[in-house]
Amino acid sequence: MVRIAVKNIALALLLSLAAVSLLPVPSPALTLEEAIALAKSTLPAYQAQATRVQSSEALYRASFGAYVPSVDAAGAAVRRDVAGYDSSSNSVDLTASLKLFDYKRGHTRDIARYSFNSEQEGLRKSLLDLEFSVKSSFYTTLATRGILEQRKIQLENARKNYEVAEGRRKFGVAKLSDVLQVSVRLEQARYNLVQSEGSLQKSLSELSSLIGTPVADAADLQGVLTFDIPLPDEKLLEQALLRRPEILQAELAVKRAESAEGISTGDFLPVLSGNLNYTRTDTSNPASSSAFVYGNPYEDRSAALLATWNLFELGKFYRRKAASIDTVTAAKNFKETERSIRLELRKSYEDFLTASRNVKVADEQLKQALQNYDQAFGEYKVGKGDILSVVFAETLLAQAREQDVVAKLNLYLAKALLERVSGIDRLESLQADAQQPNDARPR
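Residues numbered from 1 in each chain as written. Predicted model: local features only at pLDDT ≥ 70, side-chain atom pairs only at ≥ 80, totals over all residues. Heavy atoms only, no water.

(A) Seen up close, the nonpolar core. If you look at the biggest cluster of nonpolar residues, it comprises 61 residues, and the most contacted ones within it are Leu130, Val134, Phe138, Tyr139 and Leu237. Elements supplying a minimum of two residues to this core: α2 (32-42), α4 (103-170), α5 (176-211), α6 (234-241), α7 (245-266), α8 (314-381), α9 (387-422) and α10 (427-435). Counting residues per element, this core draws most heavily on α4, at 11 residues. Residue contacts for Tyr139: discarding those within four places in its chain leaves Leu32, Leu225, Leu409, Tyr412, Leu413, Lys415 and Ala416. (Core = buried A, V, L, I, M, F, W, Y, C linked by side-chain atoms within 4.5 Å. Buried < 20%, exposed > 50% of the residue type's maximum accessible area, 1.4 Å probe, protein only. Helix = DSSP H or I, 4+ residues; strand = E, 2+ residues; numbered from the N terminus. Contact = heavy atoms within 4.5 Å.)

(B) Region of interest: the packing of aromatic side chains. According to the stated counting rule, one finds six aromatic pairs in the structure shown. Between Phe312 and Phe317, the ring centres sit 6.2 Å apart and the planes meet at 45°, which makes this aromatic pair tilted. Exposure remark for Phe312: the relative accessible area of 59% places this residue in the exposed category. Chaining the aromatic ring pairs together yields one cluster made of Tyr60, Phe64 and Phe116. Above the face of the Phe377 ring, Lys160 is positioned so that its terminal group lies 4.7 Å from the ring centre. (Phe/Tyr/Trp six-rings, centres within 6.5 Å; stacked < 30°, edge-to-face > 60°. Lys NZ or Arg CZ within 6 Å of the ring centre and 35° of its normal.)

(C) Focus on the confidence of the model for the protein chain. Across the protein chain, the average pLDDT comes to 85, with 87% of residues at 70 or higher. Note on residues 17-26: pLDDT is under 50 here. Beyond four places in sequence and across chains, it has zero contacts. pLDDT under 50 marks residues 288-293. Its contacts with residues more than four places away, or in other chains, come to 10 contacts. (pLDDT = per-residue confidence, 0-100.)

(D) Main features of the side chain of Asn192. Take Asn192: it is sitting in helix α5. Its relative accessible area of 14% is what places Asn192 among the buried residues. For Asn192, the residues in contact, after removing those within four places along its chain, are Arg151, Gln154 and Arg185.

(E) Inspection of the side chain of Glu394 at higher detail. Of note, Glu394 is situated in helix α9. Among residues more than four places away in sequence, those in contact with Glu394 are Gln154, Asn157, Ala158, Asn161, Arg185 and Tyr373.

(F) Quick look at the pattern of salt bridges. Applying the stated criterion across every chain, the model contains 31 salt bridges. Residue Lys408 pairs with Asp404 through a salt bridge whose shortest N-O separation is 3.5 Å. Here Lys408 and its partner Asp404 are both found in helix α9, four residues apart, which amounts to about one turn of the helix. Note on accessibility: Lys408 and Asp404 belong to one class, buried. Overlapping salt bridges bring together Lys125, Asp129, Arg244, Glu246, Glu344 and Arg420 as one network. (Salt bridge = Lys/Arg side-chain N within 4 Å of Asp/Glu carboxyl O.)

(G) Region of the structure containing the packing of α4 against α9. Where α4 contacts α9, the two axes come as close as 9 Å, and the packing angle between them is 170°. When the interaxial angle is binned, α4 and α9 end up roughly antiparallel. In the contact of α4 with α9, the residues fall into 19 nonpolar, seven polar and 10 charged. (Axes fitted to C-alpha atoms, helices over the stretch in contact; angles between N-to-C directions. Parallel < 35°, antiparallel > 145°, perpendicular 65-115°, else oblique. Nonpolar A, V, L, I, M, F, W, Y, C, P; charged D, E, K, R; others polar.)

(H) The arrangement of the environment of Ala58 in detail. With respect to the element layout, Ala58 can be found in helix α3 (residues 44-62). When its relative accessible area of 46% is taken as the criterion, Ala58 is described as partly exposed. Sequence spacing of Ala58 and Phe116 is 58 residues, and the spatial spacing of their C-alpha atoms is 8.8 Å.

(I) Here's a closer look at α2. Every buried residue of α2 is accounted for by Leu32, Ala35, Ile36 and Ala39. Seen end-on, α2 carries its buried residues on one side only, within an arc spanning 100°. Buried residues along α2 sit in contact with α4 and α5. (Arc of directions from axis to C-beta.)

(J) Broad picture of the environment of Ala66. Topologically, Ala66 is positioned in the loop between α3 and β1 (70-82). Classification of Ala66 by relative accessible area gives partly exposed; the value is 27%. For the pair formed by Ala66 and Lys104, sequence separation is 38 residues and the distance between their alpha carbons is 9.9 Å. Those residues in contact with Ala66 that sit more than four places away from it in its chain are Lys99 and Arg105.

(K) Fine view of the packing of α4 against α7. At a minimum axis separation of 9 Å, α4 and α7 run at an interaxial angle of 165°. Of the possible angle classes, the one that applies to α4 and α7 is roughly antiparallel. Considering only the axes of α4 and α7, their crossing is left-handed. Classifying every residue of the contact of α4 with α7 gives nine nonpolar, 11 polar and eight charged. (Left-handed = near helix turned anticlockwise from the far one by under 90°.)

Structure, rendered in structure tokens:
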């Protein structure tokens with residue numbers, strides 16, 4: 001009996017362990033920062049830009065080759081048969097050369113450096129675009145989840161209205177038309193709920209595509225849309241705007257054009273270089289028909305100073321003129337880029353202010369709509385109101401609930417756009433940096 005009891009206990013423990021192992025393991029909620037980090041490590045567009053930076057850096061390092069001596073080696077083995085006499089020779093030639101003066105090489109190096117810096121700013125621009133895309137998708141998913149919850153409440157309210165109207169009809173104090181009115185609203189609420197579920201799945205699919213990790217349930221996202229965003233200082237945004245990648249890239253384009261103009265100027269100046277050359281040649285003597293005997297090798301050592309100066313070539317005059325015009329064009333493009341981005345900042349800032357005010361209005365409207373529905377439903381329940389007032393009040397309440405969520409979403413999207421236009425990652429970090437002492441701010 002004891003053995004049977006022990007076996008039963010062991011069997012019960014094994015079944016309990018198996019049941020526990022089959023339970024789903026709760027996964028940690030996904031935050032916005034984690035979503036951005038995942039997108040940085042998996043998004044192909046961002047990874048492609050990162051590799052372009054590496055390629056540009058390699059080209060920049062290659063531009064230093066003009067300041068380092070180059071060494072060339074050449075060898076030849078020749079065998080001749082002239083009038084029955086065979087001969088052969090082996091030769092080796094080593095040449096080391098160094099440019100002592102070349103006006104173009106400094107500007108060529110500068111162009112490579114500016115291109116490398118521009119690609120770095122392009123990577124930062126790609127990161128800002130990535131963050132904006134992830135923020136927009138993340139906030140939209142949170143809002144869609146919120147709308148789904150609100151539509152569930154709408155369905156419950158519509159079902160409650162239907163049950164009250166049906167109950168009153170059974171007692172003969174309500175007409176069949178009352179039941180039909182609320183039944184239409186009930187079916188509309190069900191339709192809206194199905195639409196919201198589909199929209200949520202699409203939002204989850206978009207977010208999963210951006211971060212490279214499937215997000216199957218909106219409950220896995222951490223965060224809610226609230227109204228706790230401080231109003232940013234417009235002057236701080238304008239200061240951050242000057243560090244935006246597009247502006248810095250336009251400024252680098254001006255510097256590249258100036259360096260290209262310098263290269264065209266180099267066509268009018270001489271190029272000075274020095275060469276060191278060593279040549280060794282071994283020649284054979286036909287001692288027999290089957291063997292060669294090499295004589296004393298011939299060696300030649302030389303050092304040369306070379307100067308090359310083009311005195312006239314028609315094309316270089318026009319190339320210099322074209323380079324000068326390109327510099328002026330790049331400067332005007334820089335001014336236009338700065339103007340358009342400043343306008344974009346101003347418009348985004350106004351959109352943020354408008355969205356902030358709309359959240360307050362939507363919140364107040366929701367309170368009024370909730371009070372209106374409670375009043376209409378209470379009056380109809382005791383026989384003092386009509387069903388149309390209840391249906392209308394419930395419809396207004398449903399619209400107010402969704403409008404409250406949409407208003408908060410518009411605020412967060414306006415915040416994300418303002419951060420993108422300003423070239424910063426967070427408005428909160430901008431405010432925090434402004435409150436730090438000047439010597440404690442990151443540079």
